[in-house]
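Each chain is listed here by its residues.
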Amino acid sequence: MDRRRFLTGATALGCSAAASPWITPVAMAAAPWDTRLVVIILRGGVDGLDVIQPYGDPHLAALRPGLPVGEAGGAFDLDGFYGLNPAFGALKPLYDAGEFGAVHAVSTPYRSMRSHFDGQDILEAGLPGLTGGGLRDGWLNRLLQTTPGLEPEIAYAIGPEQMLVLSGEARAARWSPDAELRISANARALLNVVHHDDPLFRDASEDAIEIVEQIAAEAAAAEAAATGDGGEDGAEMMMMAGSTSRTSDTTALARFAASRLRRDTRIASFSVNGWDTHSRQGRIMGRRGQALADVLLTLKADLGPVWDKTAVLCMTEFGRTAAENGSGGTDHGTGGALFYAGGALRGGQVMGDWPGLGPGDLFEGRDLLPTRDVRAYAAWAMRGLIGLETRVLERDIFPGLDMGAAPRLVL
Amino acid sequence: MTFDPILAAVRFGNGLSPDVTAPASVADMLTLLAGPDLAAAAYPIGLFDDIRPSQWDFRLVSSDIQAAETDADREAAMQRRADMRAASNELWARNTTMQLSRDVTTRDGMRERLVRFWADHFTAPPTNGAWRYHVYPMIEQRIRPHIAGRFSDMLRAAVMNPLLIQYLSQTQSIGPQSEVGQRTGRGLNENMAREVLELHTLGTGGGYSQTDVREFAELLTGLTYSARRGLSYQTNKAEPGAEVVLGRSYGGGEASLDQVLQALDDLALHPDTARHLARKLAVHFIGPEVDADLVTGMAARYLDSGGALMALYEAMLDHPAAWGADLRRVKRPVDFVAASLRALAVAPAELNDWPYRTVARRIFRPLSAMGQTLHQPLGPDGWSEDDAAWITPQGMAGRITWAMQMPERMLDRLPDPRDFVFHALGPTPPEAVVFAAHAAETVPDGIGLVLASSAFQRR
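Residues numbered from 1 in each chain as written. Chains lettered and ligands numbered in written order. Predicted model: local features only at pLDDT ≥ 70, side-chain atom pairs only at ≥ 80, totals over all residues. Heavy atoms only, no water.

### Some remarks on the overall build of chain A
When helices and strands are tallied, chain A shows 13 helices and 12 strands. Pairs at least 24 residues apart make up 74% of the contacts formed inside chain A by residues separated by at least 6 positions. For chain A, the exposed surface amounts to about 14,900 Å²; the carbon and sulfur share of it is 55%. (Helix = DSSP H or I, 4+ residues; strand = E, 2+ residues; numbered from the N terminus. Contact = heavy atoms within 4.5 Å. Areas by Shrake-Rupley, 256 points an atom, 1.4 Å probe, with all protein chains shown as cover.)

Put into structure tokens, the structure is as follows:
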């Protein structure tokens, strides 16, 4: 068994070494554009109504008696209609500085089935649906494909899980902080499935997964320290080891992303998970809000002057039900919010056509009605940042998308 | 609400195995329990009295180290102590894998579960963590032989268990009027008496008073243990005179152990004890809330039989509540690991080949992460029967981590998760788990998801 263990260990080491940036050649062709695009996938289905609270809508408070909104919940007023959940309060200064904003009542074309897997697949594939497309790659990868000959380091998929959004024919670099201990996003999602009907296990597992991730990050850091990996990336690992907060793993991802984006990398993508708030939403939001704020603030701090030419899009597979459920949470819904940040975008605003939350306004009588395809905002961001033509965006990157009128998104 | 082989294996045993058939009927279960202990014969664990190195061996080598006159002597003695520690660790590991081998291979799964139940009922964690390797041999000698016998015999054996006597400070309890008490001015320690009444026999709320506790403590004086002399009854520490416990008088003439044993026998047959044991068994095996008529029925059959444990088990298994389809309890970490190894059919030859370090990495440390440091519960009341105390974020993280990682390390070849879901959960697993087993990205993930599922974690 020891020999087997040794072999297993050696393989794991070999894999992580192959994916490690410090042994790849430093010479690479620069991309023909200079702006930076970071796509953060928020897995689990973020309750946009709780993060960017439309407290000015007269129906909101009644739908959510147990989830205090607006002034009653300590939210930060944004524009007299929307308020920012206090858990995300660290982002208020960024909002005031015009570097953080949101779009409300948006969604992917996914409707009515409310499965995490399918929802995420559609979000990352950038397709109208899962059937009949035949495309097996992600929209960020198709973006890379528009410029042949790019070095893989132009785009980074970061973190332990497969990022479909960057998968495909164009080669992208990958980096993950954990070598051996890992629970894949798929396994995490499936754990939610197997525990969905068992409240005792469901609630404990939600928190447990975060702990498991933390154990994984710490083990990876310990391994990096033990094997004496030097250089800049070794330093990244050591910083992780020094951090004690549960969000250490996700901020480590942000730190690594920034270290790459300061150089030749133009596109980075990773996940911030744990948004499936079926119960105890207030508590989970508190932690996830802090985690996401940490990620965005870490990116800003570590990017330095590069922040000014950076756009960060935070996207989720679907929103959640307008009404609170019976366990202090919300269930899988439809319309939600897109969050964005970065010096290249016009923050300090909440965009979107508000459909209202009245009884006749809801999608299928239960969800926030999406008034625009979330892909349109991503497309307009890419058009503004990279200069892609509308025709390419609507045909190759997001098949079937009508980009519509330009939102005031890119500076 | 009738007998079901899957439930029999999952609720009352160590779960399903691809290699071992589940019990065929209640009668089959009872016959196995009443029959010879085949698992113990196949995977032997030595007895407490035979443990080497013993506690006394460690005392001797410590005094050798202190008494050493030269550096060379000291180093030699320290080396011997290090060797003894390594040997005791190996023994601890081996006994652990022997027990797991029994769990993996037995048809008589309820026996293993009952051994853990009663060992927990008479929880006796070693006062020194380094003596954890004494616990399996203690169980082997003082619990296991009695699980299908009379409760009074188990009670006698358990109360005269050196680890319990040390743990509950019985070694410090001296009759104030005894020879030693008079000479030294030392007195009673009521700890053991209180716990025997409250935890082991009558139960919290049982009909006893503080006076009963005190009288019973006086009766117990004389019973003691030391590493050098072993278990003994020392009349010069025993309180003279008769003691009245629950209205019955014991002793009066010369103090003797027989009076203690008589009191234990009477306690074993007290109606409060019958109810306490019945309720505890039913809660442990069936669910957090149990029917009053189940408990009443079990207690009555136990008393009618003159204190036979088999009567308790039979009454429980005969009751429809035993066969409710809802899985209302959660496997404790030790049971979860045992059931996982059984479902994976890990070979005993493999298990018993693991050195201490491997057992520590795969079993001891993960169990601690799940909240059950093996044989080290926090109090004399043993491990919690409250499932919410186990399924905490931290505990669940330990279970998930183990489920996802360890099977791959323990087996050269993992089963196909799409088959394994049926090995582990029987012919009709929940759809969500079947889906997860099919949808997992990797084989280890698929196995891990089945093991981490509440369907597998419950029983």
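### A look at the overall build of chain B
The helix and strand inventory of chain B stands at 25 helices and 4 strands. Out of the 459 residues in chain B, the part that is buried amounts to 58%. Taking the intrachain contacts of chain B between residues at least 6 apart in sequence as the baseline, contacts between residues at least 24 apart amount to 74%. In the structure as shown, chain B presents an accessible area of about 17,700 Å², 51% of it carried by carbon and sulfur atoms. (Buried < 20%, exposed > 50% of the residue type's maximum accessible area, 1.4 Å probe, protein only.)

### A closer look at the confidence of the model for chain A
Per-residue confidence for chain A gives a mean pLDDT of 81; residues scoring 70 or more make up 80%. Contacts of residues 223-247 of chain A to residues separated by more than four positions or lying in other chains number 38 contacts, the stretch itself having pLDDT below 50. (pLDDT = per-residue confidence, 0-100.)

### Some remarks on the pattern of salt bridges
All names here are of chain B. Enumeration over the complete set of coordinates arrives at 37 salt bridges over all chains. E190 is the partner of R194 in a salt bridge, and the nearest nitrogen-oxygen pair spans 2.9 Å. Note on R194: relative accessible area 30%, which makes it partly exposed. A relative accessible area of 17% means that E190 is categorised as buried. In this structure, the salt-bridge partner of R329 is D387, at a minimum N-O distance of 2.9 Å. Highlighted residues: R329 in the loop between α16 (309-318) and α17 (333-344) and D387 in helix α20 (residues 387-390), separated in sequence by 58 residues. (Salt bridge = Lys/Arg side-chain N within 4 Å of Asp/Glu carboxyl O.)

### Describing the nonpolar core
Counting 149 residues, the largest nonpolar core has F12, W118, F216, L281, Y313 and I400 of chain B as its most contacted members. Once residues within four sequence positions are removed from consideration, L281 of chain B is found in contact with L114, F117, W118, M298, L312, Y313 and M316 of chain B. Grouped together as the second largest cluster of nonpolar side chains are 47 residues, L150, M163, L388 and V392 of chain A included. (Core = buried A, V, L, I, M, F, W, Y, C linked by side-chain atoms within 4.5 Å.)

### Topic: the interface of chain A and chain B
Taken together, the contacts link 26 residues of chain A with 35 residues of chain B. Between chain A and chain B, the buried area comes to about 2,600 Å², and carbon and sulfur atoms account for 67% of it. Counting the contacts that link chain A with chain B gives 1 salt bridge. Note that D198 of chain A and R458 of chain B form a salt bridge whose closest N and O atoms lie 2.5 Å from each other. Here chain A and chain B share 4 residue pairs in polar contact (both at pLDDT 80 or more) between them. Of all the secondary-structure elements, those providing two or more residues to the side of chain A that touches chain B are α1 (2-19), α7 (185-195) and α8 (199-227) of chain A. If one sorts the elements of the side of chain A that touches chain B by residue count, α8 of chain A sits on top with 10 residues. Here the side of chain A that touches chain B is built from residues that sort into 17 nonpolar, 4 polar and 5 charged. (Buried area = accessible area lost by both parts, 1.4 Å probe. Polar contact = N/O pair within 3.5 Å; in protein donor to acceptor, adjacent residues only side chain to side chain. Nonpolar A, V, L, I, M, F, W, Y, C, P; charged D, E, K, R; others polar.)

### Focus on unusual backbone geometry
One can expect most non-glycine residues to show negative phi and most peptide bonds to be in trans. Across the junction of R52 of chain B and P53 of chain B, the peptide omega takes the value -5 degrees, indicating a cis bond. Note on placement: P53 of chain B falls in the loop between α3 (38-42) and α4 (55-67). Positive phi outside glycine occurs at E364 of chain A, with the angle close to 50 degrees. The residue E364 of chain A is located in the loop between β11 (350-351) and β12 (372-373) in this model. Taking relative accessible area as the criterion, E364 of chain A reaches 46% and is therefore assigned partly exposed.

### Section: helix α13 (residues 390-397) of chain A
Residues and elements named next belong to chain A. For α13, the complete set of buried residues consists of V392, L393 and I397. One side of α13 holds all its buried residues, which, seen down the axis, span an arc of 100 degrees. Looking at the buried side of α13, the elements it contacts are α6 (139-145) and α12 (374-386). (Arc of directions from axis to C-beta.)

### Focus on the sheet that holds strand β3 (residues 76-77) of chain A
Residues and elements named next belong to chain A. An order of β2-β4-β3 is seen for the 3 strands of this open sheet, with the pairing classed as antiparallel. Edge positions in the sheet fall to β2 (52-53) and β3, since each of these pairs with one other strand and no more. Here 2 bridges tie β3 to strand β4 (residues 83-84), and the two strands are oriented antiparallel to one another. By the bridge assignment, F76 is partnered in β4 with L84. (Pairing = 2+ DSSP bridges.)

### Concerning the environment of G384 of chain A
With respect to the helices and strands, G384 of chain A occurs in helix α12. For the pair G384 of chain A and V410 of chain A, spaced 26 residues apart in sequence, the C-alpha to C-alpha distance is 6.0 Å.

### As for the side chain of E195 of chain B
All names here are of chain B. Looking at where E195 falls in the secondary structure, it is placed in helix α11 (residues 191-201). Here E195 sits buried without a salt bridge, and the closest side chain of opposite charge, R194, lies 6.3 Å off (N-O distance). Residues within four places of E195 in sequence aside, it is in contact with L168, H200 and P380. (Lys, Arg positive; Asp, Glu negative; His and termini not counted.)

### Some thoughts on the packing of aromatic side chains
The description of two aromatic rings rests on the distance between their centres and on the angle between their planes. All names here are of chain A. Per the stated rule, a full pass over the model turns up 19 aromatic pairs over all chains. Both rings, one in F88 and one in W275, keep their centres 6.3 Å apart while their planes meet at 20 degrees; by these two values the pair is stacked. One end of the pair, F88, is in the loop between β4 and α4 (92-96); the other, W275, is in the loop between β8 (267-273) and α11 (281-303), with 187 residues separating them in the sequence. F88 sits in the buried class, given a relative accessible area of 1%. (Phe/Tyr/Trp six-rings, centres within 6.5 Å; stacked < 30°, edge-to-face > 60°.)

### Some points on the environment of A258 of chain A
Residues and elements named next belong to chain A. For A258, the location among the structural elements is in helix α10 (residues 248-261). Classification of A258 by relative accessible area gives buried; the value is 0%. Between the C-alpha atoms of A258 and V306, which are 48 residues apart in sequence, the distance is 9.0 Å. Beyond its immediate chain neighbours, meaning those up to four positions away, A258 contacts L299, D302 and L303.

### Quick look at the packing of helix α8 (residues 151-159) of chain B against α11 of chain B
Residue and element names in this part refer to chain B. Contact pair α8 / α11: the axes reach a minimum separation of 13 Å and the direction vectors enclose 145 degrees. Crossing of α8 over α11 shows right-handed handedness. Of the residues in α11, those touching α8 at F151, L155 and V159 are M192, V196, H200 and T201. Partitioned by chemical class, the residues of the contact of α8 with α11 number 5 nonpolar, 2 polar and no charged. (Axes fitted to C-alpha atoms, helices over the stretch in contact; angles between N-to-C directions. Left-handed = near helix turned anticlockwise from the far one by under 90°.)

### A short note on the environment of D28 of chain B
Residue and element names in this part refer to chain B. If you trace the backbone, D28 turns up in helix α2 (residues 26-34). Once the C-alpha coordinates of D28 and D108 are considered, the two residues, 80 residues apart in sequence, prove to be 9.2 Å apart. Excluding residues that lie within four positions of it along the chain, D28 makes contacts with P23 and R107.

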